[in-house]
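What follows is the residue order along each chain.
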Amino acid sequence: MMKMRKIASLLLIAVSLTTTMTFAGCKKEKTEESKPQTVMFADFEQWAPDFQLMRVMSNFGAVSVNEDTEFVHGGKASAKLQPLGGYRVSQAPFKYKQSDPPYVYFPLSSVNFEYDHSNVAKIEKIRLHLYNAQSEQKTVKIGFVAQIVNIEETVRTAGTEFALKPGWNEINYFPDYALLNVLCDMHDVPGLYLEFEKTASRDIADAPVFYLDDIELSLRKTPAEAAEAEFAPGEICDFEKRYQEFIIAVEAIKEETRGDVKVVRAADEGLVAPSGERVLKLVTKPGSVDYATWPTFAIPENIVRKSGFMNIPKDEWADYVFRFEVYMKDTTDYFYAEYFVAGNNNRHTISVNARIPGKKPQTGKWLTYEQPFTEFASAIIENPGYMRIAWAEYSAQEERTYYFDNFRFEKKTVQE
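Below: a short report on this structure. (Residues numbered from 1 in each chain as written. Predicted model: local features only at pLDDT ≥ 70, side-chain atom pairs only at ≥ 80, totals over all residues. Heavy atoms only, no water.)

Some details on the pairing of strand E17 (residues 210-219)
So, step 1. Of all 10 residues in E17, 10 are buried; the element is thus mostly enclosed.
So, step 2. Two elements, strand E5 (residues 78-83) and E17, share three bridges in a ladder whose sense is antiparallel. Paired with Leu 81 across the strands is Phe 210, a residue of E17.
So, step 3. The pairing of strand E11 (residues 123-132) with E17 spans eight bridges and is classified as antiparallel. Across the sheet, Ile 126 pairs through a bridge with Leu 217, a residue of E17. (Buried < 20%, exposed > 50% of the residue type's maximum accessible area, 1.4 Å probe, protein only. Helix = DSSP H or I, 4+ residues; strand = E, 2+ residues; numbered from the N terminus. Pairing = 2+ DSSP bridges.)

Here it is in structure tokens:
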């Protein structure tokens, strides 16, 4: 259906708007006995459902209809994307910028438009076309929305980054079933997202321009199978398994203080791991004001819940503790362990330094943190959400390195 010109002039979606849309569905299909079924998920040839149901997150930038055929892959129209990302410069003494990556996502099911592709086990491949209107290479990250928290917030899986040369780019994204099944229920995935690089500006004139067209799904005849994550007794995350390289999320109010995290072989760092061979390496970044903000890294809710401590009977809680190891390489620092009830509610925070039994924080040595179950509100144990580690912003212009290992729960020994 050909769109009227006036629609194009009305479509510009501002950075501050968050829609209540639910995305496009199955429109054009073809089946062949020898090939997977191909579904045109969105070709942007009509307002509804393609544009109407796209979810443009806060601070994204702008989305509009394009009918210039130079930037159309198929048909007569495409989606023009101008990503910005959040950007704020505070007043003294907190002179910093706050920046969130710009992304849009497309719900994988819709009651109104009678389609449901939320069972990603049935999706073999997602193909789409992006036109990079810049003269230099850009990037886009594609992945799945694991949870819709509210109208302005989602939980997203680690996406795959694709390089975009100037001009048209065909992108083929293959779901990582094993990783997806660990982070969420891969049979009920809310959406597909596209994330772009941040632009340090609020002005839409400064935004790069991309054109999106023809999102296709290749559907499997037989749903894929992915093994459930296996946990050793008491294990939450010990960084020995492949999926554990991709699950740690880092957040920072001040972008410049966002730490770098990476799973590394302890031996390559001149260390002996407390458990196994691999550890999480954290490199923190300086800010401008001591203790002004608290960057974090987090173990996702789905992992915490699958670890199993929520099934321990209440009358046995007195016998259990949370533990992990931390190695402070350059300097001792203030860390906090934070535990949440499912749904990002009711946080319990405790100083890591205060929970290193019988030892003062020191550099060059593995130290064990522990926290008894009995010190938590019941909901933290019975209905757990994610766990995270927070550290203090510091003004000294230096990077600092720390290592973490073997987040776990375990029964106290007889001596304890």
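After that view, the rundown keeps rolling.
Some thoughts on the environment of Val 263
So, step 1. Inspection of the secondary structure puts Val 263 in strand E20 (residues 260-265).
So, step 2. Among the residues examined, Val 263 registers a relative accessible area of 13% and is labelled buried.
So, step 3. Through-space distance from the C-alpha of Val 263 to that of Glu 240 is 8.7 Å; in sequence the pair is 23 residues apart.
So, step 4. Dropping the residues within four chain positions of it, Val 263 is found in contact with Phe 239, Gln 244, Glu 245, Arg 278, Val 279 and Leu 280. (Contact = heavy atoms within 4.5 Å.)

Quick notes on a nonpolar patch on the surface
So, step 1. The grouping of Tyr 291, Trp 294 and Tyr 334 at the surface amounts to a nonpolar patch, some 330 Å² of accessible area in total.
So, step 2. Its place among the elements puts Trp 294 in the loop between strand E21 (278-284) and strand E22 (296-299).
So, step 3. Residue classification places Trp 294 among the partly exposed residues on the basis of a relative accessible area of 33%. (Patch = residues over 30% accessible without salt bridge, like charges linked within 9 Å, V, L, I, M, F, W, Y side chains within 5 Å. Areas by Shrake-Rupley, 256 points an atom, 1.4 Å probe, with all protein chains shown as cover. Salt bridge = Lys/Arg side-chain N within 4 Å of Asp/Glu carboxyl O.)

Some remarks on the packing of aromatic side chains
Aromatic ring pairs are reported here in terms of the distance separating the ring centres and the angle at which the planes meet.
So, step 1. Inspection of the entire model under this criterion finds 36 aromatic pairs.
So, step 2. Centre to centre, the rings of Tyr 131 and Tyr 211 are 6.0 Å apart; their planes meet at 75 degrees, and the pair counts as edge-to-face. Linking Tyr 131 in strand E11 with Tyr 211 in strand E17, this pair joins segments that are 80 residues apart in sequence. Summarising the burial analysis for this pair, Tyr 131 and Tyr 211 share the class buried.
So, step 3. Ring geometry for Phe 324 and Phe 404: centres 6.1 Å apart, planes at 45 degrees, overall tilted. Taken together, the positions of Phe 324 in strand E23 (residues 320-328) and Phe 404 in strand E28 (residues 400-411) put the pair 80 residues apart, joining distant regions of the chain. Each member of the pair, Phe 324 together with Phe 404, is buried.
So, step 4. In this structure, Arg 156 is placed above the aromatic ring of Tyr 103, and the distance from its NZ or CZ to the ring centre is 3.7 Å.
So, step 5. The ring of Tyr 394 carries the charged tip of Arg 400 above its face, separated from the ring centre by 3.8 Å. (Phe/Tyr/Trp six-rings, centres within 6.5 Å; stacked < 30°, edge-to-face > 60°. Lys NZ or Arg CZ within 6 Å of the ring centre and 35° of its normal.)

Details of the nonpolar core
So, step 1. Of all hydrophobic cores here, the largest spans 46 residues; its most connected members are Phe 297, Phe 309, Phe 322 and Phe 404.
So, step 2. Here this core gets five residues from one element, more than from any other, and that element is E23.
So, step 3. Apart from residues no more than four positions distant in its own chain, Phe 322 is found in contact with Ile 236, Phe 309, Tyr 339, Tyr 369, Glu 370, Gln 371, Phe 373, Phe 376, Ile 381, Met 387, Arg 408 and Phe 409.
So, step 4. One finds Phe 51, Val 63, Ala 146 and Leu 192 within the second-largest nonpolar core, a separate group that totals 44 residues. (Core = buried A, V, L, I, M, F, W, Y, C linked by side-chain atoms within 4.5 Å.)

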